[in-house]
Amino acid sequence: MELSLMLMEQILAMVLMAAAGFLAAKAGVLTGDQSRVLSKAVLYIALPCTLVNAFQTDYDPNILGAFLVTLAIAVLIHGIFWLVCWLLDRTGRQLTPAEKASVIYSNAGNLIIPIVLNTLGQEYVIYTCSYMAFQGFLVWTHGQKLMGGEGRLTLKKVVKNPCLCAILMGMALFFLHIRLPGVLGTAVSSMGSCVGPLSMVVVGVLLAETDLKAAFSSQGIYRVVFLRLIILPLLVVALLWGVERVWGHSQILLVSLLCAIGPAAATLTQMAQLYKSAESRYTSSINVVTSVLCAATMPPMIVLFQMLTT
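Presented here is an overview of the structure given in this document. (Residues numbered from 1 in each chain as written. Predicted model: local features only at pLDDT ≥ 70, side-chain atom pairs only at ≥ 80, totals over all residues. Heavy atoms only, no water.)

### Some details on the overall build of the chain
Summing up its helical and strand segments, the chain has 15 helices and zero strands in all. Considered along the principal axes of its C-alpha atoms, the chain spans approximately 50 × 45 × 45 Å. Per-residue burial for the chain yields a buried fraction of 50% across its 310 residues. Contacts spanning at least 24 positions in sequence make up 84% of the contacts within the chain whose residues lie at least 6 apart. Roughly 14,100 Å² of accessible area belongs to the chain as shown, and the carbon and sulfur atoms make up 67% of that amount. Each charge class in the chain can be summarised by its mean position, and for the 18 positive and 13 negative side chains these summaries are 12 Å apart. (Helix = DSSP H or I, 4+ residues; strand = E, 2+ residues; numbered from the N terminus. Buried < 20%, exposed > 50% of the residue type's maximum accessible area, 1.4 Å probe, protein only. Contact = heavy atoms within 4.5 Å. Areas by Shrake-Rupley, 256 points an atom, 1.4 Å probe, with all protein chains shown as cover. Lys, Arg positive; Asp, Glu negative; His and termini not counted. Charge placed at Lys NZ, Arg CZ, Asp CG, Glu CD.)

Given below as structure tokens:
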């Protein structure tokens with residue numbers, strides 16, 4: 001339970017960081033345009049550095065084996081999410097494209113990595129990469145199509161996606177037994193440590209610019225919230241409890257749990273704007289509401305998993 005408390009404290013700390021961004025925006029210190037610059041700094045600099053740094057460890061077959069297991073778990077988790085959406089379609093309770101994407105794809109990057117980094121430690125960040133790699137492939141095919149874009153994965157898309165590039169680069173360094181030399185390694189590590197505070201400040205500014213009354217009064221959003229933050233996390237807890245019975249390694253599985261139970265992926269909001277989706281504003285509202293409410297739903301899921309695996 002000590003780990004559960006540490007995780008909850010970290011989530012609370014990130015809420016306070018978001019509150020700082022919210023207050024800064026309300027005071028006129030930060031504007032929406034400035035937050036978009038910070039968002040690009042996170043996406044193109046801080047987050048890739050964190051992902052590359054996650055693979056800066058000595059080659060170990062056990063680490064590779066655990067990475068492959070978590071990759072398989074990521075496939076199973078997304079399979080469950082897709083199945084739930086398919087069942088809703090079959091029973092006449094269809095989700096809109098934005099709702100379906102928001103239910104399936106979570107913000108497993110800039111929100112979850114700082115939590116893992118500051119509670120479980122740097123050595124566990126590598127297991128977020130397996131989830132992000134598989135989800136990244138799906139987001140830039142299926143997710144992009146739902147948001148109004150072309151659903152084919154091309155080399156150009158892979159090259160333009162900094163997270164996928166960082167994961168591939170980190171894996172190459174890991175397999176080739178290459179460690180970044182002194183100054184370069186320090187720079188990459190230091191830049192990566194900025195991902196949490198910067199990300200949450202951006203979330204705070206986004207909240208300040210959103211009509212929260214309108215966002216929280218939308219009835220359709222709560223169906224997405226119920227699925228993304230309660231029903232699907234409970235299914236993931238059940239899946240991972242079963243895996244833990246066979247495989248063990250509950251702390252590694254906890255990383256997979258954290259990746260799966262977060263708010264809707266922020267990338268979807270950017271895609272909706274880029275492809276001029278009719279649900280662009282709605283997608284943004286879903287992201288904001290799930291980002292706020294996950295602070296209340298994630299801790300109970302973590303405690304439940306810890307209770308089942310202790």
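### With respect to unusual backbone geometry
Its identity is not glycine, yet H177 carries a phi of approximately 60°, on the positive side. If you trace the backbone, H177 turns up in the loop between α8 (162-175) and α9 (182-192). You will see that H249, though not glycine, has its phi angle at about 55°, which is positive. Take H249: it is sitting in the loop between α12 (219-247) and α13 (250-260).

### Some details on the nonpolar core
Ranked by internal contacts, the top residues of the largest apolar core, which has 84 residues, are L51 and L258. In contact with L51, not counting residues within four places along its chain, are I113, C129, M132, C163, A166 and I167. (Core = buried A, V, L, I, M, F, W, Y, C linked by side-chain atoms within 4.5 Å.)

### Focus on empty space enclosed by the protein
Scanning the entire structure with this criterion turns up one cavity of 30 Å³ or more. Size it by volume and the largest cavity reaches roughly 60 Å³. Residue lining of the largest cavity: F55, I63, L64, F67, I126, M171, F174 and F175, and that is the complete set. The set of elements that each furnish at least two residues to the lining of the largest cavity consists of α3 (61-90) and α8. In terms of residue class, the lining of the largest cavity is built from eight nonpolar, no polar and no charged. (1 Å grid on protein atoms, 1.4 Å probe; cavity = no way out; pocket = protein on both sides within 12 Å on 5 of 7 lines; lining within 4 Å. Points joined across faces, edges and corners; volume = space filled by probe spheres on them. Nonpolar A, V, L, I, M, F, W, Y, C, P; charged D, E, K, R; others polar.)

### Regarding the environment of S4
With respect to the element layout, S4 can be found in helix α1 (residues 2-26). Residue S4 is classed as buried on the basis of its relative accessible area of 1%. Separated by 115 residues in sequence, S4 and T119 have C-alpha atoms that sit 9.3 Å apart. Ignoring any residue separated from it by four or fewer positions in sequence, one finds S4 in contact with I302, V303 and Q306.

### Some remarks on the side chain of T70
Positionally, T70 belongs in helix α3. A polar atom in the side chain of T70 sits 2.8 Å from the side chain of S130. Leaving out residues up to four positions away in the same chain, T70 has contacts with Y127, S130, I252 and S256. (Polar contact = N/O pair within 3.5 Å; in protein donor to acceptor, adjacent residues only side chain to side chain.)

### Some words on helix α15 (residues 280-309)
Each α-helix turn comprises 3.6 residues. Residues three or four places apart therefore point the same way. The end-to-end C-alpha distance of α15, which contains 30 residues, comes to 40 Å, matching closely the 44 Å that a straight helix rising 1.5 Å per residue would cover. Of all the bends in α15, the greatest, near 50°, is centred on C294. (Expected span 1.5 Å × (residues − 1). Bend = angle between axes of the 7 residues up to and from the residue.)

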